[in-house]
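Examination of the molecular architecture
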Amino acid sequence: MDAVRASDHDRYLSALYAPADKRDALFSLYAFNAEIASVRDRIHEPLPGEVRLQWWRDVIAAENDAETGHPIADALRATIAANRLPKPAFDNMLEARIFDLYDDAMPSRTDLEGYCGETAAALIQLAAMVLDPQEAPRFAELAGRAGCAQAITGLLLLLPLHRRRGQCFVPADILAAAGSSSEEFVKADGGPREHLSAFERGAAALPASLRPAFLPLVLTRAYLGKMEGRSPLDGAARLSALRRHWLLLRRASKGWPAI
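Just so it is clear, the structure is predicted and the values come from calculations on it, not from any experiment.

A few points about the overall build of the chain
Helix and strand content of the chain: 16 helices and zero strands. The burial tally for the chain puts 49% of its 259 residues in the buried class. Within the chain, contacts between residues separated by at least 24 positions form 72% of all contacts whose residues are at least 6 apart in sequence.

Remarks on a positive patch on the surface
Taken together, the side chains of Lys-226, Arg-243, Arg-250 and Lys-254 make up a positively charged region of the molecular surface. With three residues, the single largest contributor to the positive patch is helix H16 (residues 241-254). With respect to the secondary-structure elements, Lys-254 resides in helix H16. For Lys-254, a relative accessible area of 65% gives the class exposed.

Observations regarding the pattern of salt bridges
If you walk through the whole model with that rule in mind, you get 13 salt bridges. Residue Arg-5 pairs with Asp-2 through a salt bridge whose shortest N-O separation is 2.4 Å. In this pair, Arg-5 and Asp-2 both sit in helix H1 (residues 2-7), three residues apart, roughly one turn of the helix. We note a salt bridge from Glu-95 to Arg-57, for which the minimum N-O separation is 2.7 Å. Placement of the pair is Glu-95 in helix H7 (residues 87-97) and Arg-57 in helix H5 (residues 46-61), with a sequence separation of 38 residues.

Here we look at helix H3 (residues 20-37)
For H3, with 18 residues, the first-to-last C-alpha span of 26 Å sits near the 26 Å given by 1.5 Å per residue. For H3, the set of buried residues is Ala-25, Leu-26, Phe-27, Ser-28, Leu-29, Tyr-30, Ala-31, Phe-32, Asn-33, Ala-34, Glu-35 and Ile-36.

Here we look at the nonpolar core
Grouped together as the largest cluster of nonpolar side chains are 65 residues, with contacts concentrated most on Leu-29, Phe-32, Phe-90, Phe-199, Leu-206, Phe-214 and Trp-256. Apart from the residues within four sequence positions on either side, Phe-199 is in contact with Leu-142, Arg-145, Ala-146, Leu-206, Phe-214, Leu-217 and Trp-256. Formed by 11 residues, the second largest nonpolar core is a distinct cluster that contains Phe-99, Leu-112, Cys-148 and Ile-152.

Let's talk about the side chain of Arg-77
With respect to the secondary-structure elements, Arg-77 resides in helix H6 (residues 71-83). An unpaired buried charge is present at Arg-77: no salt bridge exists, and Asp-74, the closest side chain of opposite charge, is 5.0 Å distant. Setting aside residues up to four positions removed in sequence, Arg-77 forms contacts with Val-59, Ala-62, Asn-64, Asp-65, Ala-66 and Thr-68.

Some details on the environment of Leu-156
Tracing the backbone shows Leu-156 in helix H9 (residues 140-157). With 68 residues separating them along the chain, Leu-156 and Leu-224 place their C-alpha atoms 9.1 Å apart.

Considering the packing of aromatic side chains
For any two aromatic rings, the description comes down to two numbers: the centre-to-centre distance and the angle of the planes. As enumerated under the stated definition, the model contains seven aromatic pairs in all. Judged by centre distance (5.2 Å) and plane angle (65 degrees), the ring pair of Phe-32 and Trp-56 falls under edge-to-face. One end of the pair, Phe-32, is in helix H3; the other, Trp-56, is in helix H5, and 24 residues separate them in sequence. Looking at Phe-32, the relative accessible area reads 0%, which means it is buried. The class of Trp-56 is buried, set by a relative accessible area of 0%. Three or more aromatic residues joined by ring pairs form one cluster here, namely Phe-32, Trp-55, Trp-56 and Phe-90. Here the guanidinium or amino end of Arg-11 rests over the ring plane of Tyr-30, the centre of that ring lying 6.0 Å away. The ring of Trp-55 has Arg-52 lying over it, and the distance from NZ or CZ to the ring centre is 4.5 Å.

Some thoughts on the environment of Pro-71
With respect to the helices and strands, the residue Pro-71 is situated in helix H6. According to the relative accessible area criterion, Pro-71 is exposed, its value standing at 62%. Through-space distance from the C-alpha of Pro-71 to that of Ser-28 is 9.3 Å; in sequence the pair is 43 residues apart.

Here's the deal with H16
Since the α-helix turns once every 3.6 residues, residues separated by three or four places project in the same direction. Taking 1.5 Å per residue, 14 residues should reach 20 Å; H16 reaches 20 Å between its end C-alpha atoms and fits that length. Buried within H16 are the following residues: Arg-244, Leu-247, Leu-248 and Arg-251. One side of H16 holds all its buried residues, which, seen down the axis, span an arc of 95 degrees. Along H16, exposed side chains directed more than 90 degrees from the buried face belong to Leu-242, Ser-253 and Lys-254. Here the buried face of H16 lies against helix H2 (9-15), helix H14 (211-214) and helix H15 (216-227). Positive phi appears at Gly-255, one or two residues downstream of H16, with a value of about 75 degrees.

What counts as what
- Residues numbered from 1 in each chain as written.
- Predicted model: local features only at pLDDT ≥ 70, side-chain atom pairs only at ≥ 80, totals over all residues.
- Heavy atoms only, no water.
- Helix = DSSP H or I, 4+ residues; strand = E, 2+ residues; numbered from the N terminus.
- Buried < 20%, exposed > 50% of the residue type's maximum accessible area, 1.4 Å probe, protein only.
- Contact = heavy atoms within 4.5 Å.
- Patch = residues over 30% accessible without salt bridge, like charges linked within 9 Å, V, L, I, M, F, W, Y side chains within 5 Å.
- Areas by Shrake-Rupley, 256 points an atom, 1.4 Å probe, with all protein chains shown as cover.
- Salt bridge = Lys/Arg side-chain N within 4 Å of Asp/Glu carboxyl O.
- Lys, Arg positive; Asp, Glu negative; His and termini not counted.
- Charge placed at Lys NZ, Arg CZ, Asp CG, Glu CD.
- Expected span 1.5 Å × (residues − 1).
- Core = buried A, V, L, I, M, F, W, Y, C linked by side-chain atoms within 4.5 Å.
- Phe/Tyr/Trp six-rings, centres within 6.5 Å; stacked < 30°, edge-to-face > 60°.
- Lys NZ or Arg CZ within 6 Å of the ring centre and 35° of its normal.
- Arc of directions from axis to C-beta.

Printed below as a string of structure tokens:
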């Protein structure tokens, strides 16, 4: 819980709206995600970073119950076992994170959406499986839309950081079509608004049991609103703690309206 609160405060807040007996499992998923998302910033060199990601692969694939001595890894393995979560989803997530370690351009919009699907969308679906394994499969496609909206918005928020370190997640085909304009990328087809709108059209059908897995999308809409009329390179858009709490509370209690 402390690791998620420090590294991913939005998901930390959303997990607080989950039933008490589900929170530890959600925190283990979110802490794992924060760990592998920050490998580049902590290790700096690609090859040692790949070694670290491989360590996570080996830990997750191991069949024995021996503790690793790493609290997040041990908690994650317990969550996977208790909730019968599919290990290939974690392997795909780790494979996608290899892209983070290098400065290669994202080739296309399709590649970006695939990256989002294996990372943010997979995380939402795994959280949904923890919350309600019977209902979760029905909303796998919605998780895909939600993950793309959330991840692309997150990448927009991080554009200044990525630019400083010479990394670009903006797809090459979108940059070419838009004349290398980051402002145009915010509005491009296939960007966060298209996926967010598709998610919101189906979100009213979400059962209350699955809402906590999708709650961060409430903040995604607010972040996009804050970015209106400004360049993503001007600095990260921020939401006050009070507004974040209010937005999460409203959707946790009422759900999404029908569109």
